[in-house]
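Observations on the model geometry
Here is how the chains run, residue by residue.
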Amino acid sequence: GAGVSQSPSNKVTEKGKDVELRCDPISGHTALYWYRQRLGQGLEFLIYFQGNSAPDKSGLPSDRFSAERTGESVSTLTIQRTQQEDSAVYLCASSLEHVSGANVLTFGAGSRLTVL
Amino acid sequence: AQSVTQPDIHITVSEGASLELRCNYSYGATPYLFWYVQSPGQGLQLLLKYFSGDTLVQGIKGFEAEFKRSQSSFNLRKPSVHWSDAAEYFCAVVAAGGGNKLTFGTGTQLKVEL
């Protein structure tokens, strides 16, 4: 597609429920990144994919968080047993490949998650 | 570990006034540096980036930034602010060889008074 598409744009859920957030990167972009932005804070790196493998998942906050990617396409970030501290905007970005600075990230508009 | 500091959480300027947003980084080697802007409901948009070479970098929308190695700074500037520049601005850094795993500052919220 023309840009990075994320869905849902807004999600309100109850504590303890599972949520899935979807990211559709730019066609042809092999690298895909998930970031989290909590209110009043900068973006925190969660995980990145090169193709469908995840060489760096060091930013995932707990084992309740997982992500997968199908081929060089859609990625899903899953949060199990959501907690109130998971409330944040989850941003996805993609780039042609994971090469230092050479390929600029293109970000989606984000999925705003509110856990009640 | 690398880090980015944006000391100003909020800045208010009058339309037509000049703007400078501060960014300091902590890293042992010369990193790659970026400024992104985030408007409400929008994704982050790249304003400009510094990899090497000329330390004064021109970006989109009339923005520029200057890399000062001695001060570990990469401040963003604009000579004359427009009301549409009201947004949140993020400075980011990535280590050379660190792929695209950016470390972001906490952002500066810019308000423009008409």
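The notes below deal with the structure included here. (Residues numbered from 1 in each chain as written. Chains lettered and ligands numbered in written order. Predicted model: local features only at pLDDT ≥ 70, side-chain atom pairs only at ≥ 80, totals over all residues. Heavy atoms only, no water.)

This part is about the layout of surface pockets. The computed volume of the largest pocket comes to approximately 660 Å³. Lining the largest pocket are 27 residues, and of these Gln37, Val89 and Arg112 of chain A together with Gln38 and Glu88 of chain B sit closest to its centre. Looking at the lining of the largest pocket, the elements that each hand over two or more residues are strand S9 (88-95) and strand S11 (111-115) of chain A. The leading source of residues in the lining of the largest pocket is S11 of chain A, at four residues. Broken down by class, the residue content of the lining of the largest pocket amounts to seven nonpolar, 17 polar and three charged. Taken as a whole, the second largest pocket encloses approximately 150 Å³ of empty space. Around the second largest pocket, the lining comprises 11 residues; the ones closest to its centre are Phe45 of chain A together with Gln2, Lys101, Leu102 and Thr103 of chain B. Split by residue class, the lining of the second largest pocket holds six nonpolar, three polar and two charged. (1 Å grid on protein atoms, 1.4 Å probe; cavity = no way out; pocket = protein on both sides within 12 Å on 5 of 7 lines; lining within 4 Å. Points joined across faces, edges and corners; volume = space filled by probe spheres on them. Helix = DSSP H or I, 4+ residues; strand = E, 2+ residues; numbered from the N terminus. Nonpolar A, V, L, I, M, F, W, Y, C, P; charged D, E, K, R; others polar.)

Right, let's talk about the state of the cysteines for a bit. Per the stated rule, a full pass over the model turns up two disulfides over all chains. Disulfide pairing is shown between Cys23 of chain A and Cys92 of chain A; the S-S distance is 1.9 Å. Judged by the sign of its S-S torsion, about -65 degrees, the cystine formed by Cys23 of chain A and Cys92 of chain A is left-handed. Remark: Cys92 of chain A occurs in strand S9 and Cys23 of chain A occurs in strand S3 (residues 19-24); sequence separation between them is 69 residues. Judged by its relative accessible area of 0%, Cys92 of chain A falls in the buried class. Paired by a disulfide, Cys23 of chain B and Cys91 of chain B hold their sulfur atoms 2.0 Å apart. Here Cys23 of chain B and Cys91 of chain B share a disulfide; its torsion about the S-S bond, -65 degrees, makes the bridge left-handed. (Disulfide = S-S within 2.5 Å. Buried < 20%, exposed > 50% of the residue type's maximum accessible area, 1.4 Å probe, protein only.)

All names here are of chain A. Spatial ordering of the open sheet is given by S1-S3-S8-S7, a layout of four strands whose pairing is antiparallel. Every other strand in the sheet has two partners, leaving strand S1 (5-7) and strand S7 (65-69) as the edge strands with one partner each. Taking the axes of each pair of neighbouring strands and ignoring which way they run, one obtains an average angle of 15 degrees across the sheet. (Pairing = 2+ DSSP bridges. Axes fitted to C-alpha atoms, helices over the stretch in contact; angles between N-to-C directions.)

What follows concerns the nonpolar core. By size, the foremost hydrophobic cluster in this structure holds 26 residues, and its most contacted members are Leu19, Trp35, Leu47, Leu48, Phe74, Leu76 and Tyr89 of chain B. Of all the elements in the fold, those that place two or more residues in this core are strand S2 (10-14), strand S3 (19-21), strand S5 (32-38), strand S6 (44-50), strand S8 (64-68), strand S9 (73-78), strand S10 (87-94) and strand S12 (108-113) of chain B. Looking at this core, the element that brings in the most residues is S10 of chain B, giving four residues. Not counting residues up to four positions away in its chain, the partners in contact with Leu76 of chain B are Leu19, Glu20, Leu21, Trp35, Leu47, Leu48, Phe63, Glu64, Ala65 and Tyr89 of chain B. In this structure, Tyr48 and Ala93 of chain A together with Leu44 and Leu102 of chain B belong to the second largest nonpolar core, which totals 21 residues. (Core = buried A, V, L, I, M, F, W, Y, C linked by side-chain atoms within 4.5 Å. Contact = heavy atoms within 4.5 Å.)

All we've got here are geometric facts, nothing functional implied.
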